[in-house]
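Per-entry structural report
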Number of protein chains: 4
Amino acid sequence: MPNELKEKHLDQSIDLTAEEWVHFEKKSLNEECGLFGVWGHPAAARLTYFGLHALQHRGQEGAGILVNDNGMMKRHRGLGLVTEVFRDEKDIEKLTGSATIGHVRYATAGGSDLNNIQPFHFDFHDGALGLAHNGNLTNATTLRCELEKSGAIFSSNSDTEILMHLIRRSHHPEFMGRVKEALNTVQGGFAYLIMTKDSIIAALDPNGFRPLSIGKMSNGAIVVASETCAFDVVGAIWIQDVQPGEIIEINDKGIHVERFTEKTNTTICSMEYIYFARPDSNIAGVNVHTARKRSGRILAQEARIDADIVIGVPNSSLSAASGYAEESGLPYEMGLIKNQYVARTFIQPTQELREQGVRMKLSAVRGVVEGKRVIMVDDSIVRGTTSRRIVRLLKDAGATEVHVAIASPAIKYPCFYGIDIQDRDELIAASHTNEEICEIIGADSLNFLSQDGLVEAIGHDKLCLAYFDGNYPTPLYDYEEEYLDSLRKNVVKL
Amino acid sequence: MPNELKEKHLDQSIDLTAEEWVHFEKKSLNEECGLFGVWGHPAAARLTYFGLHALQHRGQEGAGILVNDNGMMKRHRGLGLVTEVFRDEKDIEKLTGSATIGHVRYATAGGSDLNNIQPFHFDFHDGALGLAHNGNLTNATTLRCELEKSGAIFSSNSDTEILMHLIRRSHHPEFMGRVKEALNTVQGGFAYLIMTKDSIIAALDPNGFRPLSIGKMSNGAIVVASETCAFDVVGAIWIQDVQPGEIIEINDKGIHVERFTEKTNTTICSMEYIYFARPDSNIAGVNVHTARKRSGRILAQEARIDADIVIGVPNSSLSAASGYAEESGLPYEMGLIKNQYVARTFIQPTQELREQGVRMKLSAVRGVVEGKRVIMVDDSIVRGTTSRRIVRLLKDAGATEVHVAIASPAIKYPCFYGIDIQDRDELIAASHTNEEICEIIGADSLNFLSQDGLVEAIGHDKLCLAYFDGNYPTPLYDYEEEYLDSLRKNVVKL
Amino acid sequence: MPNELKEKHLDQSIDLTAEEWVHFEKKSLNEECGLFGVWGHPAAARLTYFGLHALQHRGQEGAGILVNDNGMMKRHRGLGLVTEVFRDEKDIEKLTGSATIGHVRYATAGGSDLNNIQPFHFDFHDGALGLAHNGNLTNATTLRCELEKSGAIFSSNSDTEILMHLIRRSHHPEFMGRVKEALNTVQGGFAYLIMTKDSIIAALDPNGFRPLSIGKMSNGAIVVASETCAFDVVGAIWIQDVQPGEIIEINDKGIHVERFTEKTNTTICSMEYIYFARPDSNIAGVNVHTARKRSGRILAQEARIDADIVIGVPNSSLSAASGYAEESGLPYEMGLIKNQYVARTFIQPTQELREQGVRMKLSAVRGVVEGKRVIMVDDSIVRGTTSRRIVRLLKDAGATEVHVAIASPAIKYPCFYGIDIQDRDELIAASHTNEEICEIIGADSLNFLSQDGLVEAIGHDKLCLAYFDGNYPTPLYDYEEEYLDSLRKNVVKL
Amino acid sequence: MPNELKEKHLDQSIDLTAEEWVHFEKKSLNEECGLFGVWGHPAAARLTYFGLHALQHRGQEGAGILVNDNGMMKRHRGLGLVTEVFRDEKDIEKLTGSATIGHVRYATAGGSDLNNIQPFHFDFHDGALGLAHNGNLTNATTLRCELEKSGAIFSSNSDTEILMHLIRRSHHPEFMGRVKEALNTVQGGFAYLIMTKDSIIAALDPNGFRPLSIGKMSNGAIVVASETCAFDVVGAIWIQDVQPGEIIEINDKGIHVERFTEKTNTTICSMEYIYFARPDSNIAGVNVHTARKRSGRILAQEARIDADIVIGVPNSSLSAASGYAEESGLPYEMGLIKNQYVARTFIQPTQELREQGVRMKLSAVRGVVEGKRVIMVDDSIVRGTTSRRIVRLLKDAGATEVHVAIASPAIKYPCFYGIDIQDRDELIAASHTNEEICEIIGADSLNFLSQDGLVEAIGHDKLCLAYFDGNYPTPLYDYEEEYLDSLRKNVVKL
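From a predicted model like this one, the values you see are computed outputs, not experimental measurements. (Residues numbered from 1 in each chain as written. Chains lettered and ligands numbered in written order. Predicted model: local features only at pLDDT ≥ 70, side-chain atom pairs only at ≥ 80, totals over all residues. Heavy atoms only, no water.)

**A word on the pattern of salt bridges**
For side chains of opposite charge, pairing can occur when their charged atoms come near one another. All names here are of chain C. To keep things clear, this is the line we draw: The rule for a salt bridge is simple: a side-chain nitrogen of Lys or Arg has to be within 4 Å of a carboxyl oxygen of Asp or Glu. Buried residues are those whose accessible area, probed at 1.4 Å on protein chains only, stays under 20% of the maximum for their type, while exposed residues exceed 50% and partly exposed ones sit between those limits. Here a strand is any run of E in DSSP of at least two residues, a helix any run of H or I of at least four, and the numbering for each starts at the N terminus.
Taken as a whole and judged by the stated rule, the model has 88 salt bridges over all chains. Measuring nitrogen to oxygen at the nearest pair gives 3.6 Å for the salt bridge that ties D88 to K90. By relative accessible area, which is 38% here, D88 ends up partly exposed. Where R373 meets D308, a salt bridge forms, and the shortest distance between an N and an O atom there is 2.9 Å. Of this pair, R373 sits in strand 20 (residues 373-378) while D308 sits in the loop between helix 11 (288-303) and strand 17 (309-312), and the two are 65 residues apart along the sequence.

**Section: the relation of the copies chain C and chain D**
Worth spelling out the cut-off: When the copies are superposed, the least-squares fit takes in the C-alpha atoms of residues with a pLDDT of at least 70 in both.
The transformation that overlays chain C on chain D combines an axial shift of 0.0 Å with a rotation of 180°, and the residual RMSD is 0.1 Å. Within this description, the copies of the chain are treated as partners about a two-fold rotation axis. Judged by C-alpha distance, Q340(C) is the residue of chain C that lies nearest the rotation axis, at 3.8 Å.

**Describing the sheet that holds strand 17 (residues 309-312) of chain B**
The strands making up a sheet associate through backbone hydrogen bonding, with each pair oriented either parallel or antiparallel. Residues and elements named next belong to chain B. Just so we agree on the cut-off: Here a strand pair is declared whenever DSSP counts at least two bridges between the two strands. Only the stretch in contact is used when fitting a helix axis, every axis being a line fitted to C-alpha atoms; angles between N-to-C directions are given from 0 to 180 degrees. We call two residues in contact whenever any of their non-hydrogen atoms come within 4.5 Å of each other.
The strand order across the open sheet built from 4 strands is 17-20-21-22, with neighbouring strands paired in parallel fashion. At either end of the open sheet lies a strand with only one pairing partner, and these are strand 17 and strand 22 (445-448). Each strand of the sheet is rotated relative to its neighbour by a mean of 20°, with strand direction disregarded. In this sheet, strand 20 (residues 373-378) lies alongside strand 17 in parallel orientation, the contact comprising 4 bridges. Its bridge partner lying in strand 20, G312 is registered against V377. Of the strands in this sheet, strand 17, strand 20 and strand 21 (401-406) touch helix 12 (residues 318-328), which is tilted by about 165° from strand 17. The strands that helix 17 (residues 434-441) touches are strand 21 and strand 22; relative to strand 22, the one it contacts most, it runs at about 125°.

**A few points about the interface of chain C and chain D**
Note the cut-off: When two components associate, each loses some accessible surface as probed by a 1.4 Å sphere; the sum of these losses over both components is called the buried area. Under this definition, polar contacts are N or O atom pairs within 3.5 Å; protein pairs additionally need one hydrogen-donor-capable and one acceptor-capable atom, and for neighbouring residues in sequence, both atoms have to be side-chain atoms.
Taken together, the contact between chain C and chain D spans 66 residues of the former and 66 residues of the latter. Buried area between chain C and chain D, both sides added, is near 5,300 Å², and the carbon and sulfur share of it is 55%. At the surface where chain C touches chain D, the tally comes to 2 salt bridges. For the salt bridge of K293(C) with E333(D), the shortest nitrogen-to-oxygen distance reads 2.6 Å. Here chain C is connected to chain D by 14 residue pairs in polar contact (both at pLDDT 80 or more).

**Let's talk about the UniProt feature "binding site: Mg(2+)" (unreviewed entry) in chain A**
Residue and element names in this part refer to chain A. We apply this condition: UniProt positions are given in the numbering used here, feature names are shortened, and annotations may be inferred rather than shown by experiment.
This chain's UniProt record puts "binding site: Mg(2+)" (unreviewed entry) on S316, D378 and D379. Judged by maximum C-alpha separation, these annotated positions cover 64 residues in sequence but sit close together in space, the widest gap being only 7.8 Å. In this fold, S316 is placed in the loop between strand 17 (309-312) and helix 12 (318-328). You can call S316 partly exposed: its relative accessible area is 24%. Apart from residues no more than four positions distant in its own chain, S316 is found in contact with Y275, R292 and D379. There is a polar contact of 2.4 Å between the side chain of S316 and the side chain of D379. Its location among the elements puts D379 in the loop between strand 20 (373-378) and helix 15 (385-396). Judged by relative accessible area, which is 5%, D379 ranks as buried. Excluding residues that lie within four positions of it along the chain, D379 makes contacts with I274, Y275, S316, S317, I406, A407 and S408.

**So, the interface of chain B and chain D**
In plain terms, the rule: Basically, the charged four are Asp, Glu, Lys and Arg, the nonpolar ten are Ala, Val, Leu, Ile, Met, Phe, Trp, Tyr, Cys and Pro, and anything else, Gly included, counts as polar.
In this assembly, 21 residues from chain B lie in contact with 21 residues from chain D. Buried area between chain B and chain D, summed over both chains or domains, comes out near 1,800 Å², and the portion from carbon and sulfur atoms is 51%. At the junction of chain B with chain D, the criterion picks out 0 salt bridges. Where chain B meets chain D, there are 4 residue pairs in polar contact (both at pLDDT 80 or more). Tallied by class, the residues present in the side of chain B that touches chain D amount to 7 nonpolar, 6 polar and 8 charged.

**Quick word on the sheet that holds strand 10 (residues 222-225) of chain C**
Residues and elements named next belong to chain C. Strand order in the open sheet formed by 7 strands is 3-2-4-1-10-9-11, and the pairing between neighbours is antiparallel. The sheet is open, and its two edges are formed by strand 3 (72-79) and strand 11 (237-241), each paired on a single side. Here the strands of the sheet are splayed against their neighbours by 15° on average, with no regard to which way each runs. Taken together, the 6 bridges between strand 1 (residues 34-39) and strand 4 (residues 99-105) define a ladder with antiparallel strand orientation. For F36, the partnering residue across the bridge sits in strand 4 and is G102.

**Brief notes about unusual backbone geometry**
With the exception of glycine, the majority of residues adopt a negative phi angle, and the majority of peptide bonds are in the trans configuration. Cis geometry is found at the peptide bond from Q118(A) to P119(A), where omega equals 0°. Tracing the sequence through the fold places P119(A) in the loop between strand 4 (99-105) and strand 5 (120-124). Of note, the phi angle at R304(A) is positive, near 50°, even though the residue is not glycine. For R304(A), the position within the fold is in the loop between helix 11 (288-303) and strand 17. Non-glycine residue N70(D) carries a positive phi angle of around 55°. With respect to the secondary-structure elements, N70(D) resides in the loop between strand 2 (62-69) and strand 3 (72-79).

**Focus on the pairing of strand 12 (residues 246-251) of chain D**
Residue and element names in this part refer to chain D. Within strand 12, 6 of the 6 residues are buried, which leaves it mostly tucked inside the rest of the structure. Residue alternation in strand 12 divides its side chains into two sets, E246, I248 and I250 and I247, E249 and N251, and both sets are buried. Relative to strand 12, strand 8 (residues 199-204) runs antiparallel, the two being bridged by 4 bridges. Directly across from I201, in strand 12, lies its bridge partner E249. Where strand 12 folds back onto strand 13 (residues 254-259) in an antiparallel hairpin, the turn is made up of 2 residues.

**Let's talk about the packing of helix 11 (residues 288-303) of chain D against helix 12 (residues 318-328) of chain D**
Residues and elements named next belong to chain D. Applicable threshold: Angle categories: roughly parallel below 35 degrees, roughly antiparallel above 145, roughly perpendicular from 65 to 115, and oblique for all the rest. Should the near helix be turned anticlockwise from the far one by less than a right angle, the crossing is termed left-handed; should it be turned clockwise, right-handed.
At a closest axis distance of 7 Å, the pairing of helix 11 and helix 12 adopts a crossing angle of 45°. Comparing their axes, helix 12 and helix 11 come out oblique. The interaxial crossing formed by helix 11 with helix 12 has right-handed handedness. Note on element contacts: helix 12 touches helix 11 through S319, A320, S322, G323, Y324, E326, E327 and S328, opposite H289, R292, K293, S295, G296, R297, L299, A300, Q301 and A303. Looking at the contact of helix 11 with helix 12 residue by residue, the class counts come to 5 nonpolar, 8 polar and 5 charged.

**Focus on the pairing of strand 1 of chain C**
All names here are of chain C. By the criterion of burial, strand 1 is predominantly enclosed, with 6 of the 6 residues buried. Alternating positions in strand 1 separate into two faces, G34, F36 and V38 on one and L35, G37 and W39 on the other, with burial throughout. Direction of pairing for strand 1 relative to strand 10: antiparallel, over a ladder of 4 bridges. Each bridged residue has a counterpart across the sheet, and for G37 the counterpart in strand 10 is V224.

**A few points about the relation of the copies chain B and chain D**
Superposing chain B onto chain D requires a rotation of 179° together with a translation of 0.0 Å along the rotation axis, leaving an RMSD of 0.1 Å. Interface overlap between copies: 100% of the residues of chain B at the interface are likewise at the interface in chain D, consistent with a symmetric, same-surface contact.

**Side note on the domain arrangement of chain A**
All names here are of chain A. Note the cut-off: An automatic or database domain assignment supplies the residue ranges for each domain.
In terms of domains, chain A is made up of domain 1 (33-266) and domain 2 (288-489). Summarising the inter-unit geometry, the C-alpha centres of domain 1 and domain 2 are found 32 Å apart. Contact with domain 1, which involves 17 residues of that partner, is made by 15 residues of domain 2. Of the roughly 1,200 Å² buried between domain 1 and domain 2, counting both surfaces, carbon and sulfur atoms make up 51%. Of all residues in domain 1, the largest losses of buried area upon contact with domain 2 belong to N136, T138 and F209, amounting jointly to 43% of the total for that side. If you look at where domain 1 meets domain 2, you find 0 salt bridges. Elements represented by at least two residues in the side of domain 1 that touches domain 2 include exactly strand 6 (127-137), helix 6 (140-149) and strand 7 (188-196).

As structure tokens, this is what we get:
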């Protein structure tokens, strides 16, 4: 790596304000949204509160619950965490009714707007409808523009509304027919929950990028959730996953499964296994913690680093680190501590204070790492900023060597199906070699898990691996041009 | 154990409301307060904000910072977490000045009152003084009563004020002399920070129950903190611990160490190592994570249980669990997950929902424990309620056996030096045999670490172990009667 | 009046809860909304904050400002008073830009929803638009239903959105043409402000029910406001009123006046003069305080009551009362005092406390009214509840006689053009004779101003007087049926 | 007046920031605190809430209620208005008990501190006590210093605490004896309410500077209040005033009146009549509105100005203005309007905007004053700033002449008994002639009511008139030096 390039990177981050640090961290890798729905339970809103709290890691910008009380829909939503939006017992109590759809929304960069908080609630003269969405449409811009040209007015910036406009403009005589038409018009990654006055409808895109599962409670109530960890918290038992291309109607008659398309090709987002999902969730039958621990084991076999101790970056990399430690026979130590209390760093007047500010979130344990050769296991590298900072923390605390071992392949391509990495310029591995990255982050060595190793760890290959190899499983529609542009900009490094 | 007794315990907890669950959890074992002070740094308040945040685990009821701005003292304090009390940049900015004392206060049962939030700030016609305290006095009731009889008015319910009344009533001609007189009058466990217009004074009781350390920043500023983890976050280096019986004056001339008594006997609270302190702190030179991991190793040697996997109760028992796993050769797995988002459970209308409510905080990982014989490592048992609940979570998730291994001896005696366990009735081990406890919590086996094992794990014996063996290192003064009463009530079981 | 009827009324009100009292008071007579806009001032948002505050009496449910910053629109809105919505300097500061439209919204009964707070802000692929509205459409239900049938989705319950759907669906090639088409489709009372990227458009219904005026600042900036009192507060000078049927485009070229219809018939809402508008506003060139004072004078000539003192009900009736006092030669006294601090009465456990609760807002001055024959001047009677309460307050304070003199005719018919009196059942004068009302409110005499007297006091007859005589100046469209129903229910009393 | 002096004044005010405007307005003339207590009513706290709300004009910084629930005292207090401190029904509900003392505190300049909010609540080992205070001690500094020298610690900056220290240090065998000793030690203006476990004690200084009255409810409950207006709001009847030098014990045996001194000399603060008290209160049997109206009548006789209309400055001068109008035969008009909604002016970037900002509070009614010679009646002039501003508002709105008529004599001397005018530098009349003031405020003429006229209007001469003539009815103790200094500074003008 040319020195000027390295310097530029270092300069940039030294010039970072505290806000930029926070922004970087927030932007690193984030999942867009979590869904939870209940049919047939007298305490539906309360269960949804529990369920959304279990899915809180999928989105912290806002939360909402829409409840169906014998045909009358009521909603409570707001900006912030589930516990911030639902502050009082009465916020739950007023949501009487036995069916709900709920949503947690991911914090997008820039200003957040209450208008975008889901579920959406539409009051029509012929009855109310509710809608919640997890994912990203690849033809949203085109569809929205066409709809506006024919008089449609959108009330939010969210792609989610598009589906409702398509449904309302369909001329199919049956409601389910109108929904199917709409589902065949939108493209990309999507899991939808729709609430009608006598049912909840769940639908998943033909690739099944996002997880969506159905569970049952002991009283017969049906629950739907983005992750199975939300079933445990309400005492529900998993019964089936929503399959790609399925549209499932849940009502008093039970669970009615249909397909809106036969052209399906399962490619589950591999990032759900690597980073997003909670370790206690199962996706397509595979436990996430177990997959991560296996990825650590395989990484240890592939990397074969000589060192004294293994540590994980809390919290998402602890599973992989313990797998690495067990396979390598090295002790698994707590070399980094995450402060369990959320910090605000404010604006720091000097760089020295800024650096101290960021230590509020993560501390190196001097008593553990001092004088040791450390293998630091992390789940992924996006920009490299965080890794560089942690390596420095460890060396400041006396580690003699820091070997970075990443339990996934290098991320080189953006995602267009619902993960917030759409700009290749932000991906350090898109334009740098392993050696360059290793130098930038200040590590003594850097190893990534191989793509084969990842597939082996997860245990099946029905995966979207486009972040690593650029093989997108669908056409990119509105993003095609953006993608090609980004390739051109980094043409030399590929 | 007689069946009626067991039933009584089970009935009690089944009748627990959600609020009682929360109360129990909060009350289980809590440390009272953390201290942080700075001398000689232009951003003293900001550093103190960082430092208190690192000490947040020592108290969540309230926080405050008192700053000395060239002799003028200003204070900001409030109820809640550090980040709730200091919400805006201006809350910090207005605290200009180069010296501070700061405090985080532990959440006592019952109503909290802003009046009790420290540091205290006294405005006298002859100059202002500040005071902050960690610990518990054993002769507070007697002293307060005597002082009131001679006209003193207390403005809070806190013991802390007593020291200031003693100082102000002393007739010693020197301020330091007055402070020493006062320190020799109070009894029990105490670490004090006093702010005068030209110094910070730190003092520790003759037994050194509570930790208190001094560090130095690169610009020469001196910091004082209850735990060394707060040094790392502000970039300070540890230089010395405050020793039992010492009174240390920090001012522009440097650090001046004196003693207020020669009658010292170091007995550091062993609970700091077992449960309270952050793993990245060093107490008396011993790293807390390392001591805990060793306690897990020794426990594995002592217990020798046949099982498939080892899991820790997050977060405080993870070190011990990994030590246990390494020593036993069993895999260390993530069998329990703590939701990183704080939950509020509200009032739940039914027992079923209450149970689901408590699952919001801790989930068993079905994919990990199903069909497995599990060793569940925890740091301590107080009432047994929490253990019983976690054992049930694990069995509900499919664990075939749950062996509870506690990385400390059984707690049978109350603490009077600053930990909130003053009622023997609350201590399950005070009135039950191991077999009875094992049955109550529903475990397949129950093992405690031996007292010798604990001392070996920590690596020195200058410890207060009264919780385990009742050998209090000082007279109990106002608590003597209370203690004897409690012994009488449980006389058979001892 | 039959005694049983009277008793029923008394019983009803005695059974009123404190909340019902509050509700009644709030519902009595309320104006729906105030508008304020600026074109061409660098501090446009700040001026709008001042202007909306001056119009706060026209609506307290919510407020908002939409600003145009060189084509980029930004909005801040919220529930509550202007000062509650704009709490911090930064709420104003962030609204950079030289053009604004602002809105205060009236508190409707039932739940309030942030979605309904104006101005509305629409983001289209071909540019943003803003919209704010004061008034009530009489064909809203019909239009909304038709629009939804052709696929339109509404994002609020407000009638205001309808205009935007009509504009967007118009096929006229010019934007102004599309707006004119839309204005000719909606019926009823409306004053609109529309913001485009290069202009503000103001429009008034063909009857001019609501006031809307244009002013100029010393730097050439143009302001638009519902009432002229808002001009004074920003230092603007009135230059013209928006006339019925006019659509006025304000941009960098100046003020361009057009008409969207020639079929106009000016009938200004007489309630603006009687009750709603601020005394320092001029409507159609007539000062509101002066009109009210004249109404008091004419009322004194018509009523000719023998008494000792004249008092007004604060604050809206003080002008009329002083006119009455001067004409009658009786002293004008402060017999009633309104507490200038807003009170909340909470839920009162007993009727005795409820009565005391309501006294928090209005007190009789015993030292003034004791032993006196009092003429109590009020602006209007809606339900009679408030009058009955005030008469009782005065008698409790020792007034020997209370003569109620109302400075407007009796209200017998609902309003469909933007005032919240749509139910004749709520209008005591719709179903009771003067004598019955007098008995119900417990007064010694009751006089209303004659309709001719009102016209004389205001000084012109381009007024809507339908509340008094039922002569609605337009067809009622969607309300026709509702109106006829209400007539039938009270058929005997008319 | 020399031009340079005038210019200086004008410059000063032109340089005023918006915050200074606000500060000036707030500081102009303010009463320090209001008291309300109840003995023997099951809803005591609720009544106190009503009573404090009626006394809100006496203090807006904070409010509190201390309740005695069978010997257990509970308190709720906070910063802000009564309705801000008591936000929820539960804030009242939790204050069960049949006796209360309550307090509203005046907003002092500078930072406000919750510690100073009353009632104070003291927990002693021998029982709790409560204390609330209205007034100002003249020997507080001396007493506090002496007490501190003997070891006393104060918990607030308030003078109020002093009394409790004196009580606790008294060696009198009886509690009432200790209180009497303490009352004879403090000097100045004071009205106290003390709560013991079985009584409420009310006491008034030997001059009776502050009003304090006792009332009775229909159920026999006793209420105490700073002003009689608070009786009306709770349905109580006035029965007696607390007389100077009295100490009154209220308990289950009834009302027991004693004296703590025989050396009394009644000199009620004349400002209570002129400005502070609510018009519906009676002080020493004189209705405040009536006294003000009479002062307006006498002012009209004394001033004899030729003009077209009379207007009052809302709200405190409306009574005097209507008296002036009636006596002069000129019409009483609404020439100024106070916006009933509280405004916040924020920081205004330019002087032009600052001026507009201040108009948010008070508007001139152009339609009324344009082309008219106006007599503007106000109650008093402190700094002249407000008067200058209002004169300008009226002239900007077209008044051809503005004659300022002040319904009290010129204020030349500070108050040391509880009103916030302690600095002669702030009193424009202390250093300027009438002609100079007239020029500074830009009026066409300026008249003050004569001192004899004031006494005639109030109807008795048991008044403190020191603000006007410097004849203080008591020694000034700690303020003696300050007062003499202030005289020296303005020596020429006296």
